[in-house]
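Descriptive structure summary
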Amino acid sequence: MKSYKVTLIPGDGVGQELAEVTRACLEATGIPFQWDVQTAGVDVVEKEGTPLPDRVIESIRKNKIAIKAPITTPVGTGFRSVNVALRKELDLYA
């Protein structure tokens with residue numbers, strides 16, 4: 001059976017729990033997945049200086065599919081929304 005490579009962005013806060021439940025549901029189908037877990041968001045800014053490191057975009061481009069859980073977006077200050085950055089970087093508008 002074909003294995004699917006998927007970028008999984010767990011997010012932060014409740015996103016991490018949702019990502020794990022999503023992964024468990026998909027694995028319960030019996031379809032094999034290879035998860036490329038990539039972190040993004042507030043915790044990543046502190047470590048890497050950006051909420052959306054290039055490695056995340058590269059993983060999505062390589063795998064051609066990604067699942068992203070909720071990621072905190074600061075209101076008024078901080079960094080640009082990861083959602084907006086992903087849409088612009090990957091030219092996604094639907």
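Predicted model, so just to flag it, every value in this text is computed and none were measured.

Within the structure shown, the criterion is met by 2 aromatic pairs. Aromatic side chains Y4 and F33 sit 6.3 Å apart centroid to centroid with 45° between the ring planes, which places their arrangement in the tilted category. You can see Y4 sitting in strand β1 (residues 4–9) and its partner F33 sitting in strand β2 (residues 33–37), a full 29 residues away along the chain. Judged by its relative accessible area of 38%, Y4 falls in the partly exposed class.

What follows covers the environment of D91. Residue placement: D91 occurs in the segment after α4 (82–90). Looking at D91, the relative accessible area reads 58%, which means it is exposed.

Moving on, we come to the nonpolar core. Counting residues in hydrophobic clusters, the biggest one holds 10 residues: I9, A40, L52, V56, I57, I60, I71, V82, A85 and L86. Broken down by secondary-structure element, the contributors of at least two residues to this core are α3 (54–63) and α4. Once residues lying within four places of it in the same chain are set aside, the contact partners of L86 are L52, I57, I60, K68, D91 and L92. Grouped together as the second largest cluster of nonpolar side chains are 5 residues, V6, A19, W35 and A69 included.

Reading across the sheet, the 3 strands line up as β2-β1-β3 and stay open at both edges, with parallel pairing between neighbours. Looking at strand neighbours, the two that pair on one side only are β2 and β3 (66–68), the edges of this open sheet. Taking the axes of each pair of neighbouring strands and ignoring which way they run, one obtains an average angle of 25° across the sheet. Note that β1 and β3 share 3 bridges and pair parallel. Looking at β3, one finds that L8 is bridged to I67. The strands that α3 touches are β1, β2 and β3; relative to β1, the one it contacts most, it runs at about 155°.

What counts and how
- Residues numbered from 1 in each chain as written.
- Predicted model: local features only at pLDDT ≥ 70, side-chain atom pairs only at ≥ 80, totals over all residues.
- Heavy atoms only, no water.
- Phe/Tyr/Trp six-rings, centres within 6.5 Å; stacked < 30°, edge-to-face > 60°.
- Helix = DSSP H or I, 4+ residues; strand = E, 2+ residues; numbered from the N terminus.
- Buried < 20%, exposed > 50% of the residue type's maximum accessible area, 1.4 Å probe, protein only.
- Core = buried A, V, L, I, M, F, W, Y, C linked by side-chain atoms within 4.5 Å.
- Contact = heavy atoms within 4.5 Å.
- Pairing = 2+ DSSP bridges.
- Axes fitted to C-alpha atoms, helices over the stretch in contact; angles between N-to-C directions.

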